[in-house]
Amino acid sequence: MDNRRRIDALFDRALDLEPAARGPFLAEIRRAEPEVAAAVETLLGSITDDDEALIGDDLSPELLWRDVVVDLAGAREGQSLGPFRILRRLGHGGMAEVYLAERRDHGFVQQVALKVIARGFNADGVERFERERRIVASLQHPDIARLYDGGVTDDGRPYFALEYVDGEPITEFCDRRRLPLADRLELFIRVVRAVQYAHANLLVHRDLKPDNILVDAQGHVKLLDFGIAKILNEDPEQQRTYTTSTWMTPQYASPEQIQGLSVGTASDQYQLGVLLFEVLSGALPYNIAGTAPAHVIEVICHRKVPPASSTVVSGSGAAAARRTTASALRRRLRGDLDTIIDMALRKEPERRYASVEQLAQDLERHLEGMPVRARRDTVSYRLVKFVGRHRAGVSAAALIFLLLLGYAATVTVQRRELALERDRARAAAVKSERMKTFLVSLLESANPDSVRKDSGPRGELTVAHLLERSVERVDEELAEQPEIQAEMLSTIGTAFLSLGRYDDGRILHERALSLRREQWPAGHPDIATSLSSLALVDRAQGDYAVAERRHREALAMRRAAVERDPGKISGSLHNLASVLVLRGRFEEAEALFREALRIDRSLHGGDRHRDVAFDLSSLGALLAQRGEFAEARRKLERALDLRRDLLGEVHPSVAKTTRELAELSRLEGRADEAKSLLDRALAMHRAVYPAEHVEIAQDLIALGRVHRALGEVGEAEEALLGARRMVTAVVGERHQLRAQAESVLGHLALERGEVSTAERHFEMAVLVFQATVDAGHPATADALLGLGKVWSLKGDRSTARQHFRRAFEIRRQAYGDDDPRTLDAMEQLYDVAG
């Protein structure tokens with residue numbers, strides 16, 4: 001390896017020659033340096049025909065050295081490196097292998113991505129690897145994978161442990177979830193902000209591509225792999241040593257990278273531009289696969305980048321992956337987005353944005369409906385510049401003009417306000433009349449004489465069929481009336497949600513949001529309404545992080561509105577609080593529920609309103625979870641009385657409060673009373689909902705807990721298995737309700753002495769909880785206690801202690817030191833402490 005740099009340099013020179021000229025070139029070297037010539041010949045012999053057509057990763061000297069000369073790290077499953085145990089191989093880079101590993105320490109189990117340098121690298125290679133570790137250690141950002149630990153293997157090779165990201169490349173995540181453009185942009189802005197943080201710490205990433213930007217199931221972005229990052233204030237000699245490698249991915253490389261020039265933060269901006277092009281349009285700016293190096297240089301360095309909108313073609317699948325049509329996607333990309341991408345992809349670094357922060361700001365301004373920097377070269381922009389150059393003269397003229405304008409304004413302002421009010425009233429009346437006409441027409445179509453034979457059993461028109469027909473008619477009859485079309489799509493979408501058809505509801509609410517964003521400025525109340533509706537879908541499907549983000553955005557819009565609507569603000573507070581309860585953030589949720597209750601009581605002059613009853617019910621359920629049983633019962637009983645009085649004896653809201661009161665009774669030890677209440681709630685829900693619905697599943701889980709408390713094991717298992725099947729069918733396997741069912745099933749199996757079965761249930765519960773709720777959610781503690789009991793029965797007191805300790809810490813944080821649930825966990829921990 002002493003001649004490594006010499007071999008690399010000669011190998012690069014050989015690559016520049018025609019294949020026929022390489023033989024004489026090697027022969028000349030062989031006369032003076034036979035060993036060096038042999039190494040270069042070996043490297044050249046490892047290149048395939050496809051490799052010849054590419055530059056970048058596949059022709060990296062480091063990569064070829066790895067393939068030809070170097071044995072990789074070679075760790076195997078079960079092998080230990082320091083405190084880490086190898087679970088499986090994840091992949092490899094040019095100079096290292098990456099493994100999934102875990103560390104069990106002080107009661108905690110931590111999974112990491114373990115990066116181990118390959119065998120055979122000389123001092124320069126080791127220093128480069130150590131340099132990457134130092135870079136990652138210096139970065140502390142929520143969207144950049146963190147460094148946990150580092151060390152040296154028994155044979156002297158350095159390694160380091162990174163945050164393990166169980167995710168997928170950002171492009172695949174967006175397409176698999178069929179994210180619309182707005183959601184893709186919000187996700188991408190987080191990537192840009194992470195890169196901005198790296199730049200602020202004097203680092204240029206230089207390899208921004210989908211494989212290095214992963215998104216996990218909760219939508220958290222993680223930027224990875226600073227292996228070829230550049231330190232901006234690094235010693236020039238070190239920069240030469242570490243940055244002359246040709247490692248890059250040609251499709252995402254900047255012109256300055258392709259030409260081997262010095263790169264700065266503008267190079268990362270270019271790569272972000274390529275990635276943004278792909279995330280939004282589904283295509284890359286250029287197709288250079290399989291082309292010769294000279295052609296690659298010509299394309300990337302000199303050919304004009306096509307507008308992203310021009311790459312969208314019908315039938316490609318790109319539009320469907322964005323929940324829209326090809327023509328609509330092209331329209332959405334034209335204008336600001338095409339211009340933003342074009343500015344980021346300019347050939348000359350100095351003509352791009354001054355920083356990636358400006359790129360992020362332009363994307364945010366676009367989402368807010370504001371003008372963007374990239375489109376400043378307009379008449380209005382030139383006018384601003386003119387004013388700046390001639391400030392004194394313009395100021396004098398402006399003063400005279402404003403005096404005249406002020407006089408005119410005093411004469412016309414009242415007339416204009418009256419006209420606006422008249423126009424608003426007329427518009428509202430027209431809108432109301434059109435919606436009434438449409439709805440009457442729709443209901444007339446439900447006449448049995450007009451029902452299609454395939455509408456349902458025996459030809460009746462079911463609610464679902466009526467809604468499906470409504471969507472068809474909205475598309476056909478309201479296409480030229482986008483405001484009314486959005487209103488109807490939103491209404492039908494909400495109806496689909498009530499039936500448990502969440503995917504259908506999501507599509508309609510996304511369409512309504514898109515229409516409203518095209519019609520209204522950012523922050524309009526209708527946009528907030530669509531965001532709230534989409535958040536309800538996210539919540540129902542278990543995507544609590546996204547639901548929280550949308551509810552917060554809607555709440556901010558409603559608080560900032562010129563004409564604030566207290567009822568809408570209260571609704572947003574309530575919705576946000578409900579999601580925070582599901583995420584285990586009880587204290588913050590309680591404050592929001594109480595604020596909503598104060599607003600609604602003030603707005604409606606007391607308790608006799610369905611919104612007040614809604615607040616009381618949710619607040620009471622939360623207080624029950626927190627162990628404040630007396631106040632919880634007062635709130636829930638008052639809510640139940642109000643809902644029965646206002647809504648009738650059989651209503652979904654009455655059923656929900658009845659279930660919440662039953663849960664409180666169970667927690668208080670009144671299982672018989674809880675069972676009676678749950679039977680009523682389940683009967684009501686089955687009377688108004690389809691046979692498979694999440695509300696019914698929640699009833700069954702609650703009923704399973706009560707049957708268990710009463711010692712009715714068979715009935716409990718039947719209810720829980722039914723709930724699990726229903727949840728999986730309606731909202732999928734990765735949902736908190738599924739985890740709740742698994743946890744109770746685990747305890748039932750333990751009570752029957754089926755330790756292995758119990759272990760499977762508890763492990764699945766913990767896995768689903770970890771994938772769907774925040775760390776430290778109190779629901780996780782129940783499953784961890786079950787796992788502790790399993791390991792205790794298996795004789796492994798150490799592992800049992802780990803699970804009991806974690807459960808105890810979660811409950812203490814959620815409920816306090818004196819709560820019976822915390823004391824129960826502490827008692828079980830003490831039982832195995834010896």
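Residues numbered from 1 in each chain as written. Predicted model: local features only at pLDDT ≥ 70, side-chain atom pairs only at ≥ 80, totals over all residues. Heavy atoms only, no water.

**Examining the packing of aromatic side chains**
Logical step 1: This structure, assessed with the given rule, holds zero aromatic pairs.
Logical step 2: Note that K794 overlies the ring of W791, its terminal NZ or CZ placed 3.9 Å from the centroid. (Phe/Tyr/Trp six-rings, centres within 6.5 Å; stacked < 30°, edge-to-face > 60°. Lys NZ or Arg CZ within 6 Å of the ring centre and 35° of its normal.)

**Structural notes on the pattern of salt bridges**
Logical step 1: Across all of its chains, the model carries 56 salt bridges by this definition.
Logical step 2: Where R594 meets E590, a salt bridge forms, and the shortest distance between an N and an O atom there is 3.0 Å. With R594 and E590 both in helix α24 (residues 586–604) and four residues apart, the pair spans about one turn of that helix.
Logical step 3: Residue classification places R594 among the partly exposed positions, given a relative accessible area of 25%.
Logical step 4: In this structure, the salt-bridge partner of E751 is R708, at a minimum N-O distance of 2.7 Å. Of the two residues, E751 sits in helix α31 (residues 736–751) while R708 sits in helix α29 (residues 694–709), which places them 43 residues apart along the sequence. (Salt bridge = Lys/Arg side-chain N within 4 Å of Asp/Glu carboxyl O. Helix = DSSP H or I, 4+ residues; strand = E, 2+ residues; numbered from the N terminus. Buried < 20%, exposed > 50% of the residue type's maximum accessible area, 1.4 Å probe, protein only.)

**Considering the environment of K656**
Logical step 1: Secondary-structure assignment places K656 in helix α27 (residues 652–667).
Logical step 2: For K656, a relative accessible area of 22% corresponds to the partly exposed category.
Logical step 3: Along the chain, K656 and Q698 lie 42 residues apart, while their C-alpha atoms are 9.6 Å from each other.
Logical step 4: Setting aside residues no more than four positions away along its own chain, K656 makes contact with R539 and H685. (Contact = heavy atoms within 4.5 Å.)

**Some points on the pairing of strand β9 (residues 213–216)**
Logical step 1: Taking every second residue as pointing to the same face, both faces of β9 are buried, with I213 and V215 on one and L214 and D216 on the other.
Logical step 2: Pairing of strand β7 (residues 167–169) with β9 involves three bridges; the strand directions are antiparallel. Paired with E168 across the strands is V215, a residue of β9.
Logical step 3: In this structure, β9 lies alongside strand β10 (residues 221–223), joined through three bridges in antiparallel fashion. If you follow V215 over to β10, its bridge partner there is V221.
Logical step 4: Adjacent in sequence and paired antiparallel, β9 and β10 are bridged by four residues, among which G219 carries a positive phi angle near 85°. (Pairing = 2+ DSSP bridges.)

**Let's talk about the sheet that holds β9**
Logical step 1: In space, the three strands of this open sheet follow the order β7-β9-β10, with antiparallel pairing throughout. Both outer strands of the open sheet, β7 and β10, are each paired with one neighbouring strand and no more. In this sheet, neighbouring strand axes are inclined to one another by 35° on average, regardless of whether the strands run parallel or antiparallel.
Logical step 2: In this fold helix α8 (residues 181–200) packs onto β9 and β10, with an angle of close to 35° to the strand it touches most, β10. (Axes fitted to C-alpha atoms, helices over the stretch in contact; angles between N-to-C directions.)

**With respect to the packing of α8 against helix α15 (residues 356–367)**
Logical step 1: Close contact between α8 and α15 brings their axes to 9 Å; oriented N to C, the two are set at 160°. Classified by the angle between their axes, α8 and α15 sit roughly antiparallel to one another. By crossing handedness, the relation of α8 to α15 is classed as left-handed. Residues A182, L185, E186, F188, I189, V192, R193, V195, Q196 and H199 of α8 lie in contact with α15, whose contacting residues are V356, E357, L359, A360, Q361, L363, E364, H366 and L367.
Logical step 2: Class assignment for the residues of the contact of α8 with α15 results in eleven nonpolar, four polar and four charged. (Parallel < 35°, antiparallel > 145°, perpendicular 65-115°, else oblique. Left-handed = near helix turned anticlockwise from the far one by under 90°. Nonpolar A, V, L, I, M, F, W, Y, C, P; charged D, E, K, R; others polar.)

**Describing unusual backbone geometry**
Logical step 1: With phi around 75°, R206 is a residue other than glycine that occupies positive phi space.
Logical step 2: Tracing the backbone shows R206 in the loop between β8 (203–204) and β9.
Logical step 3: In this structure, R323 is a non-glycine residue whose phi angle is positive, near 60°.
Logical step 4: Mapped onto the fold, R323 is located in the loop between α12 (293–302) and α13 (326–333).

**Section: helix α26 (residues 629–647)**
Logical step 1: Between its first and last C-alpha, α26 extends 26 Å over 19 residues, near the 27 Å set by a 1.5 Å rise per residue.
Logical step 2: Inspection of α26 places E631, A632, R633, K635, L636, A639, L640, L642 and R643 among the buried residues, and these make up the whole buried set.
Logical step 3: Buried residues along α26 sit against α24, α25 (610–625), α27 and α28 (671–688). (Expected span 1.5 Å × (residues − 1).)

**Structural notes on helix α19 (residues 482–498)**
Logical step 1: Between its terminal C-alpha atoms α19 stretches 24 Å, which fits the 24 Å expected from 17 residues at 1.5 Å a residue.
Logical step 2: Restricting attention to buried positions, one finds in α19 the residues I484, Q485, A486, M488, L489, S490, I492, G493, F496 and L497.

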